[in-house]
Amino acid sequence: KIHYKELANRVDYFKGKEQGVSAMCDLMENFLAKREAKALEEGRVEGRIEGLETGRIIIARKMLREDFDLEAISRMTELPLDEVRRLSLDCEENHKRKSDYHNV
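Below you will find a few notes about this structure. Model, not experiment: these values are computed from the prediction. (Residues numbered from 1 in each chain as written. Predicted model: local features only at pLDDT ≥ 70, side-chain atom pairs only at ≥ 80, totals over all residues. Heavy atoms only, no water.)

Some words on helix α3 (residues 70-77)
Applicable threshold: Working definition: with a 1.4 Å probe on protein chains only, accessible area under 20% of the residue-type maximum means buried, over 50% means exposed, and in between means partly exposed. Secondary structure elements follow DSSP: runs of H or I of four or more residues count as helices, runs of E of two or more count as strands, with numbering from the N terminus. A 3.5 Å cut-off defines polar contacts: any pair of N or O atoms within that distance qualifies, except that in protein one atom must be a possible hydrogen donor and the other a possible acceptor, and neighbouring residues in sequence count only when both atoms are side-chain atoms.
Among the residues of α3, Ala72, Ile73, Ser74 and Thr77 are the ones counted as buried. Capping of α3 at its N-terminal end is provided by Asp69; its side-chain oxygen lies 3.2 Å from the backbone amide nitrogen of Glu71. Backbone geometry just after α3 places Glu78 at a positive phi near 60°.

Written as structure tokens, this is what we have:
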């Protein structure tokens, strides 16, 4: 049982009257549309960030193949030096695998 008359009237309006139900549906649809738009925008931002990160890694790998200094690669790509070192090791392992394959 609802003890406050104003609250009881509002609940009755939103639950029991066609206009109230319609208004509540409109409010919910607007709310959900805003949430969906926000989620899409957040997804776009995350996608841009991932794309930039991937681009920096691709450039770092190209620089490694051209024998750039690891510290220079880190500065130019704004990747942490540890990440550039890891990429360097990956490139060396890939190069070794290719050499081993061709020498067989």
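Picking up where we left off.
Looking at helix α2 (residues 18-65)
Cut-off, in case you're wondering: Multiply 1.5 Å by the residue count of a helix minus one, and that product is the helix's expected span.
Compared with an ideal rise of 1.5 Å per residue, which puts 48 residues at 70 Å, α2 spans 70 Å between its outermost C-alpha atoms and is within 8% of the ideal. Along α2, the residues classified as buried are Gly20, Ile57, Ala60, Met63 and Leu64. Two residues or fewer after α2 comes Asp67, characterised by a positive phi angle close to 65°.

So, the side chain of Ser88
Just so we agree on the cut-off: A contact between two residues is defined here by any heavy atoms of the two lying within 4.5 Å.
Among the secondary structure elements, Ser88 is positioned in helix α4 (residues 81-102). Classification of Ser88 as buried rests on a relative accessible area of 12%. Setting aside anything within four residues of it in sequence, one finds Ser88 in contact with Leu64 and Leu70.

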